[in-house]
Every structure is written in structure tokens, then in C-alpha cells.
Amino acid sequence: MNRFVAVLCLLILFSLALWAMPLGSSARTVIPSDIQQIISVDYRALKNSETAQALKHQVLPPTLKEFELALKGVVIDAEKDVEQLTFASYRVPKQGVKVVGIAQGQFSTTGVLKKMRLNKIRATKYRDVNTYPMSGGMQMALLNEDTLVFGDLTALKGALDARDGYIPALDSNSQVVDMVGSVDSGMVWSVLDQQGTQNMLRSALGDASRLADYETVKKRILGSRYTMNFSNGVNFDLDVVTSDSVTAGTLSSLLKAGMLYKKMTASPVEKLALDGVTVNSDSSNLQMHFKSDDKQFQSLLHSDLFAAVSQ
């Protein structure tokens, strides 16, 4: 499996869950500043796209499955009650990366708490907040009538610590906030920090990441952002933000060379995916664009390529 194609498809897999809208103020306060990635789900918009729904049912990421099941365990139906679902992966010293989920919608706090009491789900106090157990070892806390936050206990505590000012929250990370501001008006969006972007490009480049050119420029990669649109076929746009135009140009050349080399030995499905990809640079940004009509995308969706990268 060509790593470039696999990473492209993985980005699209996560983006299916990323029909999104701007982050609400409550969501921003519970996202710690040491962010690796932010992604979102807009369930209302998701229902309006046949292609997005097919993609969701075919290759739903395991993490999203777990969160949806966990919500059902506390009598919240993601399909009916949730309008926006945001996932933030952030780093915790000596513990690695943690993932917190923020669900926003029209919740009846009284009704939810009543159902949990009937199901004998008991609260545990963390400072002034009641937290409740969910399936899979996760915990949740209702912040108000339209926002709840959940994750494993460490992740949840980190989110509440950010909200209460014990650790820095998202708005103190100006670099990530600037990237969010560039994409969060789109139908689909996500941001990755510097380290996350470096890891993504290393996987995409495969053996080419060992070349001296990549080793020279990787420290000048600052982050990445992407948007996705299902309104007219499938359009996926990724920008890798670098410190200068030379870095962006070098990365563009490396990716183009990798694509040309792969096309020589690619399977028909891989060629179809690669034919829909364009790569260039604009000032200090590396730009990647993927376009496919619904019929072509459906053929990719049911191929071994998607089956492999969705494991």
C-alpha cells in the first residue's frame, strides 16, 4: 500500500466525521492549549449528504464509534440530540496524547440526569463538577444545557482544568488559534500542530522522508489545516503551513516526485486516487487538493484501499 495514498484516504476518513462549524465558546474553554489535532462532526449537515453517509457507514473511524456508543450509554442519542461533536487530542506530560470529546446540542439537563438516575448511573465530584461514568471506561460532565464534555478520566480532568484556569486553554495557543480561524467557516475543517503535521508528512512521503531535503525542511513545518466539501462531489484541500516559500516549494517537489514514482506501479484504484490529487506551493504554504465526483468516490469507498486504511 502506497503510504501517500493511504494517508490521503485516512485524512478523508477522519474528515467524513468532520462536517463542521465554528467552535462554540464553551467548547474552546475546555480544550487545553497543548493541542495535537482538533476535528469536528456536524450531524445536521452530515444527514444531508448521501456520499458522506455512505462513507460514515463504510469506514467509520473506531474512535468515533466508541464515542457514539459511550453517549448512548448515558441515554444520549448522537443522531437526535447532538448538533456538533468536537474531538481534541492534546498532550499530557509523561502520559502522551489524550482525546477529549465535546458534544453540543439541545440537551435537557434535568431529563438527562433523571434518565441516569433511573439507570443507576452515579456521579463523582471533581471540584464543583459532577462527572458520570460512560461505557469503555470514559467519564462525562454536563457543563450547561447545550454542552457536555467526555473522555477517559485523565482527559476529562484536563479539559475541566483548562476551563477552570488551572492549565492554559486553547486561546493561549496563538498558532493553532490562527489556523482554526482560517478554516472554521468551512463545511469541513481540522487543524494539526507542528509535531502532528511532521508525523503525517513522514507517513505520506514514505522512503522520501529519509532524504536530506526532508530532514532539512521538516523543522520549518509549522502546522496544517484542511477543509472538505461534499456539496459538489468530494473536494478536499490541505494546506501545510511552513516558515518560508523555499520550504513549501521543497515539500511540493518531494510529494510530486513520490506521486509520479507511485503511478508507475499503482493499482487501478490507486491511480484513480492519485489522478484526483494536485500538489503545489503558494508562498509559504504547501497545498494539496483532491477532487472526485460522487460516482468515482463511491468506487474508491468500496475498494480494498479504503478497507485497508480503515482498519
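Preceding this section is the structure that the text describes.
All figures in this text were calculated on a predicted structure; none of them were measured in a lab.

Moving on: helix α10 (residues 194-205). Its 12 residues give α10 an end-to-end C-alpha distance of 16 Å, which sits within 8% of 16 Å, the value for a rise of 1.5 Å per residue. Within α10 the residues assigned to the buried category are Gly 196, Thr 197, Gln 198, Met 200, Leu 201, Ala 204 and Leu 205. For α10, the capping residue at the N-terminal end is Asp 193, with a side-chain oxygen 3.5 Å from the backbone nitrogen of Gln 195.

Right, let's get into the nonpolar core. Among the nonpolar cores identified, the biggest contains 51 residues, and Val 82, Leu 148 and Phe 150 are the most heavily contacted of them. Not counting residues up to four positions away in its chain, the partners in contact with Val 82 are Tyr 43, Leu 71, Ile 76, Asp 77, Ala 103, Gln 104 and Phe 107.

The subject of this paragraph is the pattern of salt bridges. Considering all chains together, one arrives at 10 salt bridges under this definition. With its nearest N and O atoms 3.0 Å apart, the salt bridge here joins Arg 163 to Asp 164. You can call Asp 164 partly exposed: its relative accessible area is 30%. One network of salt bridges, in which partners are shared, links Arg 127, Asp 128, Asp 161, Arg 163 and Asp 164.

Enumeration over the complete set of coordinates arrives at one aromatic pair. Where Tyr 226 meets Phe 236, the ring centres are 5.3 Å apart and the plane angle is 45°; that geometry is what we call tilted. Of the two residues, Tyr 226 sits in strand β9 (residues 221-229) while Phe 236 sits in strand β10 (residues 234-242), which places them 10 residues apart along the sequence. Using a relative accessible area of 1% as the deciding quantity, one classes Tyr 226 as buried.

What counts as what
- Residues numbered from 1 in each chain as written.
- Predicted model: local features only at pLDDT ≥ 70, side-chain atom pairs only at ≥ 80, totals over all residues.
- Heavy atoms only, no water.
- Helix = DSSP H or I, 4+ residues; strand = E, 2+ residues; numbered from the N terminus.
- Expected span 1.5 Å × (residues − 1).
- Buried < 20%, exposed > 50% of the residue type's maximum accessible area, 1.4 Å probe, protein only.
- Polar contact = N/O pair within 3.5 Å; in protein donor to acceptor, adjacent residues only side chain to side chain.
- Core = buried A, V, L, I, M, F, W, Y, C linked by side-chain atoms within 4.5 Å.
- Contact = heavy atoms within 4.5 Å.
- Salt bridge = Lys/Arg side-chain N within 4 Å of Asp/Glu carboxyl O.
- Phe/Tyr/Trp six-rings, centres within 6.5 Å; stacked < 30°, edge-to-face > 60°.

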